[in-house]
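Now for the letters of each chain:
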Amino acid sequence: MEASVTAGGHVEGRGERAGPDPAGPLVRMDQAVKRYGRARALDGLSLEVAPGEVFGFLGPNGAGKTTAVKVLLGFARLSGGSARVLGRPPGDREARRAIGYLPELFRYQEWLTANEVLELHAALAGQPHAARARDVAEALALVGLAGRGDDRVGTFSKGMQQRLGLAVALLGRPRLVFLDEPTSALDPVGRRDVRAVICALRDRGTAVFLNSHLLGEVEKVCDRVAVVNRGRIVAMGPLRAVLGPPAVRVRVTGVGPGQAAGLERFGALSFPEPDLVEVVGLEEAAVPDLVRAMVELGGRIHAVDPRPVTLEERFIELVRAT
Ligand SMILES: Nc1ncnc2c1ncn2[C@@H]1O[C@H](COP(=O)(O)OP(=O)(O)OP(=O)(O)O)[C@@H](O)[C@H]1O
Ligand SMILES: [Mg+2]
């Protein structure tokens, strides 16, 4: 199928008219393989995204994140396996009307104003003329560019251009939005603002497929995450499940493998280093009881750390292991 994407925005393609299926997953990939020559950008990748879900798709550089999005939008064709978007084959024209897309790399015409960029994309997406002005104003406000609609793109900072790209992706209230590294040009305040936009999308029932290697923000907004490495999923599920069971590491002297009687009731014990006890399966609320039990055994506590502390730590563990 032929397809074209306008910078930062809505996708137009040529295909048969067919209504997207409102039930079932919005995105499904089953054993997807994408080969470029002998390299495999996707290597048996399977995933699903449910309606209204914020799905974080994480992986190191070159893992296959952008390739997966391009396949789902119909810009790249699978070498094997299958993919469906809104119950339709990737690139399906009607499905595309319900999809917003912020590409990883884009540039707008510098001589256009923000309003002109947005109106152009609204027109390309086939939006009726009467609805455009309100939709453009809503999208600009949502990304924090209200009042800047008459400014030319050429006068925008990189971060403002990225916000504009996000506004384009949100035009027409899509059911599903693909955001490929939406915060790469943004400062910490801008990143927090994008998180707020994603939360606003979730509140109005829009599903978000978020490609990112900025794990802190994924952690803060995603309902479910998948970690991809070398074109394969290495972990997927609710954040809590991907992070693994709760655990705590206690740096303690006087409580070694021979002096830990009774501590098994708190969880699975291990001693990864001298003077370090790890307890896996311990809920946070039980940490004071664990500490007291160690002190009663004659231990001197030097530090207590939950682990894994962040998605970043878990991500590095997962990527190293594959
Ligand atoms: N058009 C192409 N031709 C050849 N190889 C490609 C092409 N597009 C992607 N690849 C290769 O496929 C692999 C996955 O690339 P992809 O862009 O999907 O990674 P990514 O996870 O989005 O990385 P990043 O975090 O750097 O954006 C890489 O090894 C890349 O070199
Ligand atoms: Mg990419």
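Residues numbered from 1 in each chain as written. Chains lettered and ligands numbered in written order. Predicted model: local features only at pLDDT ≥ 70, side-chain atom pairs only at ≥ 80, totals over all residues. Heavy atoms only, no water.

> How would you summarise the site of ligand 1 if you had to cite specific residues and measurements?
Taken together, the neighbourhood of ligand 1 is formed by Y36, A41, P60, N61, G62, A63, G64, K65, T66, T67, E104 and H213. At 3.1 Å, a backbone N or O of A63 approaches an oxygen atom of ligand 1. For ligand 1, whose free accessible area comes to 640 Å², the fraction covered by protein is 59%. No other element matches the 3 residues that helix 1 (residues 65-73) contributes to the shell around ligand 1. Classifying every residue of the shell around ligand 1 gives 4 nonpolar, 6 polar and 2 charged. (Near = heavy atom within 4 Å. Polar contact = N/O pair within 3.5 Å; in protein donor to acceptor, adjacent residues only side chain to side chain. Areas by Shrake-Rupley, 256 points an atom, 1.4 Å probe, with all protein chains shown as cover. Helix = DSSP H or I, 4+ residues; strand = E, 2+ residues; numbered from the N terminus. Nonpolar A, V, L, I, M, F, W, Y, C, P; charged D, E, K, R; others polar.)

> Quick rundown of the coordination of the magnesium ion (ligand 2)? Include the residues and the values.
Four donors placed tetrahedrally about a metal ideally form angles of 109.5 degrees, and six donors placed octahedrally ideally form angles of 90 or 180 degrees. Coordination sphere of the magnesium ion (ligand 2), protein contribution only: T66 (OG1) and E104 (OE), at 2.0 to 2.3 Å. With a gap of 38 residues between them, T66 in helix 1 and E104 in the loop between strand 7 (99-102) and helix 3 (114-124) connect regions that are remote in the sequence. Note on T66: relative accessible area 17%, which makes it buried. (Donors = N, O, S within 2.8 Å, 3.2 Å for Na, K, Ca; no water. Buried < 20%, exposed > 50% of the residue type's maximum accessible area, 1.4 Å probe, protein only.)

> How would you explain the domain arrangement of the protein chain if you had to name every residue and give the values?
Each assigned domain of the protein chain is listed here: domain 1 (3-241) and domain 2 (244-320). Relative to domain 2, the C-alpha centre of domain 1 lies at a distance of 41 Å. With 13 residues of domain 1 at the contact, the number on the domain 2 side is 9 residues. Carbon and sulfur atoms make up 69% of the surface buried where domain 1 meets domain 2, a total of about 950 Å² over both sides. Interface area lost by domain 1 to domain 2 is led by L215, E219 and R240, which between them contribute 47%. For E283, the salt bridge goes to R240, with nearest N and O atoms at 3.7 Å. Among the secondary structure elements, those contributing two or more residues to the side of domain 1 that touches domain 2 are helix 7 (215-221), strand 10 (224-229), strand 11 (232-238) and helix 8 (239-243). Classifying every residue of the side of domain 1 that touches domain 2 by side-chain character gives 9 nonpolar, 2 polar and 2 charged. (Domains from an automatic or database assignment. Contact = heavy atoms within 4.5 Å. Buried area = accessible area lost by both parts, 1.4 Å probe. Salt bridge = Lys/Arg side-chain N within 4 Å of Asp/Glu carboxyl O.)

> An account of the sheet that holds strand 13 (residues 268-273) is requested, with residue identities and associated values reported.
By way of backbone hydrogen bonds, the strands of a sheet pair with one another, either parallel or antiparallel. Strand order in the open sheet made by the 4 strands is 13-14-12-15, with antiparallel pairing throughout. If you trace the sheet from one side to the other, it starts and ends with strand 13 and strand 15 (300-307), each paired once. Going across the sheet, the axis of each strand differs from the next one's by a mean of 25°, ignoring polarity. Across the sheet, helix 9 (residues 287-296) is in contact with strand 12 (247-253), strand 14 (276-280) and strand 15; its angle to strand 15 comes to roughly 150°. (Pairing = 2+ DSSP bridges. Axes fitted to C-alpha atoms, helices over the stretch in contact; angles between N-to-C directions.)

> Run through the sheet that holds strand 9 (residues 207-212), naming residues and quoting values.
Read across the sheet, 6 strands follow the order 7-8-9-5-10-11 without closing on themselves; strand pairing throughout is mixed. Each end of this open sheet is capped by a strand with a single partner; those strands are strand 7 and strand 11. On average, adjacent strands in this sheet sit at an angle of 15° to one another, irrespective of strand direction. The sheet contact formed by strand 5 (residues 54-58) and strand 9 spans 5 bridges and is parallel. Bridge pairing in strand 9 links V54 to V208. Of the strands in this sheet, strand 5, strand 8 (176-180) and strand 9 are in contact with helix 6 (residues 188-203), which crosses strand 9 at around 155°.

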